[in-house]
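Structural overview
What follows is each chain in one-letter form.
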Amino acid sequence: MCGTYSVGRRTNRWPLCLFFDLLNVAGINSEIIFKSLNINSPRVPRRIFLKNISLQLFQDHLKIRSQLKNLPRSLRGLIILHCKKAESPETEMSVESEPKKRKRCYVCPSTKGSMTQIICYKCRRHICQRHSSNICKDCE
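Residues numbered from 1 in each chain as written. Predicted model: local features only at pLDDT ≥ 70, side-chain atom pairs only at ≥ 80, totals over all residues. Heavy atoms only, no water.

**Quick word on the side chain of Glu31**
Here Glu31 is to be found in helix α1 (residues 14-37). Under the relative-accessibility criterion, Glu31 is labelled buried at 4%. Side-chain polar atoms of Glu31 contact the side chain of Arg46, separated by 2.5 Å. The contacts of Glu31, once residues within four sequence positions are left out, are Met1, Arg46 and Phe49. (Helix = DSSP H or I, 4+ residues; strand = E, 2+ residues; numbered from the N terminus. Buried < 20%, exposed > 50% of the residue type's maximum accessible area, 1.4 Å probe, protein only. Polar contact = N/O pair within 3.5 Å; in protein donor to acceptor, adjacent residues only side chain to side chain. Contact = heavy atoms within 4.5 Å.)

**Concerning the UniProt feature "signal peptide" (unreviewed entry) in the protein**
Per the UniProt record, "signal peptide" (unreviewed entry) is found at residues 1-30. Across residues 1-30 one finds 57% helix and 0% strand; the C-alpha atoms that close the span lie 13 Å apart. (UniProt positions renumbered as here; feature names shortened; annotations may be inferred.)

**Looking at the packing of aromatic side chains**
Summed over all chains, the structure comprises two aromatic pairs. When the centroid spacing of 6.2 Å and the interplanar angle of 50° are considered together, the rings of Phe19 and Phe20 count as tilted. Of the residues examined, Phe20 reaches a relative accessible area of 14% and is grouped as buried. Taking 5.2 Å as the distance between ring centres and 40° as the angle between the ring planes, the aromatic pair formed by Phe34 and Phe49 counts as tilted. With a gap of 15 residues between them, Phe34 in helix α1 and Phe49 in helix α2 (residues 46-57) connect regions that are remote in the sequence. Judged by its relative accessible area of 33%, Phe34 falls in the partly exposed class. Exposure remark for Phe49: the relative accessible area of 9% places this residue in the buried category. (Phe/Tyr/Trp six-rings, centres within 6.5 Å; stacked < 30°, edge-to-face > 60°.)

Written out as structure tokens, the structure reads:
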């Protein structure tokens, strides 16, 4: 079961090899325990299960890091977005499956070069990079 989604990397240091093996075994054991406790729940693919575990493991660190005032606002926005994904893993699958559509920036809709795929993560309106990064100026 480790072969499909292994965290192992090529290294000359034996402690890292041991650490990678322990992570693989921990991932398999946690999935087996999760399946035994949630018999009637729908099946979750192994890749998504491991991704959800990893998000939950560093969610506390992300919450602390999002409170730092010396981080750029765009990075804090990405951290908050990752925290929201970790809190609701079911919605993460639906968001990834949606195709990103290019629309005009709502701040400068009249200019021709304002087509963008970037969306404000708070109000979900399209914004171009000239006006903001990850958060529109209205949501700041």
